[in-house]
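# Secondary and tertiary structure notes
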Amino acid sequence: MGMEGAALATGIGQVLPLAIYIAVLFYSPIPVKIRRSAMKADRKIDRQLYTVGIPAILNIALPSLMISALNTILSVYSQSYIVILGIYYKLQTFLYLPANGIIQGMRPVIGYNYGAGEGERVSKIYKVTLGMTAVIMAVGMVICLMVPEGLIGMFTENSQTVEAGGRALRIISAGFVEQYQRKSSLSSMKDADIQEIAEVFVDKRYAGKTIEEMEEEQNIKIFLVLRDDLSVLPQKNMDFEIK
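Let us look at the structure shown here. (Residues numbered from 1 in each chain as written. Predicted model: local features only at pLDDT ≥ 70, side-chain atom pairs only at ≥ 80, totals over all residues. Heavy atoms only, no water.)

### Points about the pattern of salt bridges
Oppositely charged side chains can form a pair if their charged atoms are brought close together. One pass over the structure, following the stated rule, counts two salt bridges. A salt bridge links Glu-149 to Arg-170; the shortest N-O distance between them is 3.1 Å. Here Glu-149, found in helix H5 (residues 148–153), pairs with Arg-170, found in helix H6 (residues 159–173); they are 21 residues apart in sequence, far enough to count as distant. In this structure Glu-149 comes out as partly exposed when scored by relative accessible area, which is 31%. Overall, Arg-170 belongs to the partly exposed group, its relative accessible area being 34%. In this structure, Arg-167 and Glu-163 form a salt bridge, with 3.4 Å as the shortest nitrogen-oxygen distance. Of this pair, Arg-167 and Glu-163 both sit in helix H6, four residues apart, which is roughly one turn of that helix. (Salt bridge = Lys/Arg side-chain N within 4 Å of Asp/Glu carboxyl O. Helix = DSSP H or I, 4+ residues; strand = E, 2+ residues; numbered from the N terminus. Buried < 20%, exposed > 50% of the residue type's maximum accessible area, 1.4 Å probe, protein only.)

Spelled out as structure tokens, the structure:
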């Protein structure tokens, strides 16, 4: 159906969720009632809403601007590259939406537990969530590396586009798992670890040493010092005190 099919699919994708929301609202009412008489403008409330909402609006709008810029750049070389970019964004949606859903579900749970002073549970939730998202992204990366042409071929039959898209997908998918985070003891850190991002626990052997001394001794860069509920930006002459 070409462009007409794409437009129809987009319209259905927007209208169907709205219909489901309205049906749920009427058949399973929520405690909060929406009344026209209560819809009155309040500058103070509106200002607070926009203070929170404008960053979210920009967060949603900027990816669209980025895609428009990329399309403009790629159009100089070939229309096939624009098609490949569009296919890639469709494919990444299958990975990013589940991962983002897990993260969105994690945030209120972590907030509730943090407010209740359940620090250990917050840490456990974070680790479980990190592991789940890492598995999703790793599986997606492996699939994209193994059968990139097959994935591109689901959206186009042009052999040149499939070949170029396969090469691009192999390169891009390598960034799905971007960082490796590891907890370790400072005394067990090796030279191979210095390129990784790590959360380091400092023991009593390093008491009294400055940030500068620890960085030079362990060949690391300290970006943040965590102490109880405090986050402190490191200074070269800052001493470590172990309680």
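From this point, things continue past the structure.
### Describing helix H4 (residues 119–146)
An α-helical segment advances 3.6 residues per turn. Residues three or four places apart therefore align on the same side. Helix length check: H4 (28 residues) gives 41 Å between terminal C-alpha atoms against 40 Å at 1.5 Å per residue, within 8%. Among the residues of H4, those classed as buried are Val-122, Ile-125, Thr-129, Thr-133, Met-137, Gly-140, Met-141 and Cys-144. At its buried positions, H4 is contacted by helix H3 (79–115), H5 and H6. (Expected span 1.5 Å × (residues − 1). Contact = heavy atoms within 4.5 Å.)

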